[in-house]
Amino acid sequence: MDRRGIIGFAAVAFGALTMGWSGMSHALDERFQDKNGDLVADTPTDPSQQIDPSTLIFAYTPVEDPAVYAKVWDGFLRHMEKVTGKKAQFFPVQSNAAQIEAMRAGRLHVAGFNTGSNPLAVNCAGFVSFAIMASQDGAFGYNMEIITYPGSGIEKVEDIKGKKMAFTSQTSNSGFKAPSAILKADYDMLPERDFEPVFSGKHDNSILGVANKDYPAAAIANSVWHRMVARDVIKQDQVVSIYKSQTFPTTGFGYVYNLKPELQEKIKEAFFTFNWEGSALKEEFARSGEEQFLPITYKEYWEVIRKIDTANGVSYACK
């Protein structure tokens with residue numbers, strides 16, 4: 001995705017909303033410093049405040065069944081062990097909040113945080129994003145789609161009025177924050193007033209809920225939907241899309257800020273030297289067009305998400 005397209009989308013879709021909000025706090029937690037202005041926590045200069053764990057704990061964003069992804073990531077973790085000289089262990093998490101809290105508490109060292117929870121992880125847990133999945137030609141990202149099922153009586157977004165609409169969690173970009181902003185800005189639709197919001201917890205729950213006719217409509221990340229269809233979890237014709245957004249950055253990968261600098265570099269090396277060919281990682285993520293890790297920075301690539309959060313009145317203040 002061309003970065004200009006991302007930022008342009010933010011300006012058009014959320015400009016009207018940001019005018020109505022006072023400036024929100026995007027400052028790092030007081031535990032962290034950011035002397036170079038890159039918006040992520042600096043590594044402590046005092047070696048005694050740096051950590052060098054014997055086992056690296058890794059967690060992938062809980063968008064789908066953690067048991068599935070423990071197998072998908074196993075080959076990559078074995079590669080990271082070889083590069084870093086450390087043991088690596090997959091940590092299954094059930095919610096975005098639990099993943100952020102694990103890193104904040106020092107129990108998680110390397111992770112992939114989803115689009116919406118990435119800023120909170122950066123500001124509250126000291127997460128440092130440096131990579132994103134991309135296709136071979138460097139394209140990356142996903143779309144938020146609003147879906148329904150055939151015969152639901154919903155043919156366009158306005159038809160959701162008076163019905164239930166499923167979101168995933170309040171920290172999710174495509175599962176809550178982006179659709180909330182778009183529904184308000186483009187359709188003058190508000191939860192409770194115009195529709196009944198319900199929360200499923202995860203994207204696969206929302207997609208299955210629509211496919212099984214438990215929810216009339218839902219906002220989801222289409223990358224998750226495509227992978228579920230490819231694995232025959234649902235059939236393509238069980239779900240119909242009535243809205244598709246511009247492209248957002250997908251899961252951001254990185255490490256906790258206080259790892260020793262040389263270990264940080266080894267972790268980066270593990271991501272950028274991983275051979276995707278024949279791997280379970282490629283088998284899974286090629287279904288949504290992703291076949292490599294691309295270097296990124298949080299400051300640049302998450303600018304659109306910070307705009308969305310401002311539009312929704314989201315604060316990154318840590319509790």
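Refer to the structure above for everything that follows.
Remember, it's a predicted structure, so these values are computed and weren't measured experimentally. (Residues numbered from 1 in each chain as written. Predicted model: local features only at pLDDT ≥ 70, side-chain atom pairs only at ≥ 80, totals over all residues. Heavy atoms only, no water.)

J.: Help me understand the side chain of Thr115, please; the structure alone is not making it clear to me.
T.: Along the polypeptide, Thr115 turns up in the loop between strand E3 (110-113) and helix H5 (118-125). Only 3.3 Å separates the side chain of Thr115 from the side chain of Tyr142, close enough to count as a polar contact. Ignoring any residue separated from it by four or fewer positions in sequence, one finds Thr115 in contact with Tyr142, Asn173, Pro249, Thr250, Thr251, Trp302 and Ile305. (Helix = DSSP H or I, 4+ residues; strand = E, 2+ residues; numbered from the N terminus. Polar contact = N/O pair within 3.5 Å; in protein donor to acceptor, adjacent residues only side chain to side chain. Contact = heavy atoms within 4.5 Å.)

J.: Would you take a moment to explain the sheet that holds E3 for this structure?
T.: As a general point, the strands of a sheet are linked pairwise by backbone hydrogen bonds and lie either parallel or antiparallel. The strand order across the open sheet built from six strands is E2-E1-E3-E10-E4-E11, with neighbouring strands paired in mixed fashion. Because the sheet does not close on itself, it has two edges, and the strands there are strand E2 (87-90) and strand E11 (292-295). This sheet shows a mean twist of 30° between the axes of neighbouring strands, independent of strand direction. As judged from the three bridges shared by strand E1 (residues 55-60) and E3, these two strands associate in the parallel manner. Residue pairing for E3: Tyr60 is matched across the bridge by Gly112. (Pairing = 2+ DSSP bridges. Axes fitted to C-alpha atoms, helices over the stretch in contact; angles between N-to-C directions.)

J.: Whenever I open this one, the packing of helix H4 (residues 96-104) against H5 confuses me. Can you help?
T.: Describing two packed helices takes the angle between their axes plus the distance from one axis to the other. Packing of H4 against H5 leaves a shortest axis separation of 9 Å and a crossing angle of 25°. Between H4 and H5, the interaxial angle falls into the category roughly parallel. When you trace H4 past H5, the crossing you get is right-handed. Residues Ile100, Met103 and Arg104 of H4 form the contact with H5, whose own contacting residues are Leu120, Ala121, Cys124 and Ala125. Looking at the contact of H4 with H5 residue by residue, the classes come out as six nonpolar, no polar and one charged. (Parallel < 35°, antiparallel > 145°, perpendicular 65-115°, else oblique. Left-handed = near helix turned anticlockwise from the far one by under 90°. Nonpolar A, V, L, I, M, F, W, Y, C, P; charged D, E, K, R; others polar.)

J.: Please clarify how the packing of helix H6 (residues 173-187) against helix H12 (residues 303-311) should be interpreted in this entry.
T.: Closest axis-to-axis distance for the H6/H12 pair is 8 Å, and the angle between their directions is 60°. When the axes of H6 and H12 are compared, the pair comes out oblique. Considering the relative orientation of H6 and H12, their crossing is left-handed. On the side of H6, the interface is formed by Asn173, Lys177 and Ala178, while H12 contributes Ile305, Ile308 and Asp309.

J.: Explain the nonpolar core here, please?
T.: When a protein is soluble and globular, its nonpolar side chains tend to lie buried together. Grouped together as the largest cluster of nonpolar side chains are 95 residues, with contacts concentrated most on Trp73, Ile267, Leu281 and Phe293. If one sorts the elements of this core by residue count, strand E4 (residues 127-134) sits on top with seven residues. For Phe293, the contacting residues outside a window of four places in its chain are Trp73, Phe76, Ile132, Met133, Phe253, Phe271, Phe272, Phe274, Trp276 and Leu281. (Core = buried A, V, L, I, M, F, W, Y, C linked by side-chain atoms within 4.5 Å. Buried < 20%, exposed > 50% of the residue type's maximum accessible area, 1.4 Å probe, protein only.)

J.: I'm lost on helix H7 (residues 203-211) in this one. Help?
T.: A turn of α-helix holds 3.6 residues, and therefore any two residues three or four places apart point the same way. Within H7, seven of the nine residues are buried, leaving the element largely enclosed by the surrounding structure. Taken residue by residue, H7 has His203, Asp204, Ser206, Ile207, Gly209, Val210 and Ala211 as its buried positions. Just downstream of H7 lies Lys213, where phi reads positive at about 65°.

Function cannot be read off these values alone, since they describe shape.
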